[in-house]
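Listed here are the chains, written in short residue letters.
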Amino acid sequence: MPDLQGIAAFEEEVHGCRVTTVEVQTECAAERLGREVGSYITVEMAQQIGEREWLECTGECLVEILERVLRPHFHRKLCVCGLGNRDIPADSLGPEVTSRLPLSFFRLLHGYACQFREIFSITPGVFGVNNTPTPTLVAGAVQSTGADCLLLVDSIATPDPAKLFRMLQISTAGGTRSFFRGGEEDWASIGIPALAIGIPTAIPLNALSPGASKDDMVLTSTQAASEIEALGALLTYALIRVCWPSLNREECFLLTKVNSDPLPYSPLLNSGRDQGDT
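Residues numbered from 1 in each chain as written. Predicted model: local features only at pLDDT ≥ 70, side-chain atom pairs only at ≥ 80, totals over all residues. Heavy atoms only, no water.

Draft legend 1. Layout of the overall build of the chain. Looking only at helices and strands, the chain features nine helices and nine strands. Among the 278 residues that make up the chain, the fraction classed as buried is 51%. Here the contacts in the chain between residues at least 6 apart in sequence split such that 68% fall between residues at least 24 apart. With the model as given, the accessible surface of the chain reaches about 13200 Å², and the carbon-plus-sulfur share is 50%. (Helix = DSSP H or I, 4+ residues; strand = E, 2+ residues; numbered from the N terminus. Buried < 20%, exposed > 50% of the residue type's maximum accessible area, 1.4 Å probe, protein only. Contact = heavy atoms within 4.5 Å. Areas by Shrake-Rupley, 256 points an atom, 1.4 Å probe, with all protein chains shown as cover.)

If you want it as structure tokens, here you go:
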């Protein structure tokens, strides 16, 4: 892809997934695009042919891409923020990821080296339920815990049905533009670097029918709940692989399930890593 002044773009294939990166390098270019300075990465995910096979291609692609964007923040305190409404399947990707991330598991053990000084998660809910702006709640958590960087995970909308549940966007320059919350929140006001992961889970009705009377209506799949479950496991797998690199693929796969049903995975607690084994 050709480079424009202040903007660099390139495409690559990573573990069978097509990845497009656009780097907005100057304030002038950012103003022209209506964006912030930073990197904007789009991953076209492989078709899901089986849980383990999907993790081995798309999952490993996300591991490589997330490692790139998170590396500048290694050894700091990371807040993973799951945005969205757990009660609405198409808006529940963020809560799905934070509920799967087994942070209490790692707190019990001492043999798993982490790339961050500390990781915690927050699921702040939505304004329509708690009547408090989401960035205000997140800012309070960040301030009280002393977090140095923020990773937002969110459901987004797309006008293209082919991208539904099959495209992932990563930004190093603030949050996603969430249709479900009426636009883009001001994450810069929190005062720490904010990165974002978004996956389209709904289509605005007016994108398919411009004459639609309700601008806030969206369409989604009847399989949205199962799609969110699979995508939540995928993102959790990638985050575990990046943050705790001493774990192998099988361990990361099992840890995506440990919060929902810990008993079958209890052997991991006795793996010996807390005694220094690798």
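Further notes follow.
Draft legend 2. Quick peek at the pairing of strand S6 (residues 149-157). In terms of burial, S6 is largely enclosed, as eight of its nine residues are buried. As paired strands, strand S4 (residues 77-82) and S6 are joined by five bridges and run parallel to one another. Note that in S6 the partner of Cys81 across the bridge is Leu152. (Pairing = 2+ DSSP bridges.)

Draft legend 3. Region of the structure containing the confidence of the model for the chain. Predicted confidence across the chain gives a mean pLDDT of 85, with 85% of residues reaching 70 or more. Confidence, read as mean pLDDT per element, is least for helix H7 (residues 205-208) in the chain (77) and greatest for S4 (97). Within the model, pLDDT remains below 50 along residues 274-278, and this stretch shows six contacts once partners closer than five positions in the same chain are excluded. (pLDDT = per-residue confidence, 0-100.)

Draft legend 4. Expanded view of the pattern of salt bridges. Evaluation of the coordinates by the stated rule reveals 13 salt bridges. Notably, a salt bridge pairs Arg68 with Glu64, separated by 3.0 Å at the nearest N-O pair. Placement of both Arg68 and Glu64 in helix H2 (residues 51-70) is noted, with a separation of four residues, approximately one turn of the helix. Residue Arg68 is classed as partly exposed on the basis of its relative accessible area, which comes to 34%. (Salt bridge = Lys/Arg side-chain N within 4 Å of Asp/Glu carboxyl O.)

Draft legend 5. Examining the pairing of S4 more closely. Of all six residues that make up S4, six are buried, and the element is covered over most of its length. Going residue by residue along S4, you find Lys77, Cys79 and Cys81 tucked away on one face and Leu78, Val80 and Gly82 tucked away on the opposite face as well. Here five bridges tie S4 to strand S5 (residues 118-122), and the two strands are oriented parallel to one another. Within S5, the position partnered with Leu78 by the bridge is Ile119.

Draft legend 6. Focus on a negative patch on the surface. Taken together, the side chains of Glu27, Glu31, Glu36 and Asp186 define an acidic patch exposed on the protein surface. Glu27 gets classed as exposed once you look at its relative accessible area, which sits at 59%. (Patch = residues over 30% accessible without salt bridge, like charges linked within 9 Å, V, L, I, M, F, W, Y side chains within 5 Å. Lys, Arg positive; Asp, Glu negative; His and termini not counted. Charge placed at Lys NZ, Arg CZ, Asp CG, Glu CD.)

Draft legend 7. Main features of the nonpolar core. In this structure, Val43, Leu66, Leu70, Leu168, Leu235 and Trp244 are the most contacted members of the largest nonpolar core, which totals 58 residues. Here the element with the most residues in this core is helix H8 (residues 224-243); it accounts for 12 residues. Excluding its chain neighbours within four sequence positions, the residues that come into contact with Val43 are Cys17, Arg18, Val19, Cys61, Leu62, Arg166, Met167 and Leu168. Core analysis: the second largest hydrophobic core is formed by 16 residues, Leu83, Ile122, Ile192 and Ala194 among them. (Core = buried A, V, L, I, M, F, W, Y, C linked by side-chain atoms within 4.5 Å.)

Draft legend 8. Inspection of unusual backbone geometry at higher detail. Although it is not a glycine, His15 adopts a positive phi angle of roughly 50°. With respect to the helices and strands, His15 occurs in the loop between strand S1 (7-14) and strand S2 (17-24). Phi at Asn131 takes a positive value of approximately 60°, unusual for a residue other than glycine. Relative to the elements of secondary structure, Asn131 occurs in the loop between helix H5 (127-130) and helix H6 (134-145). Overall, Asn131 belongs to the exposed group, its relative accessible area being 58%.

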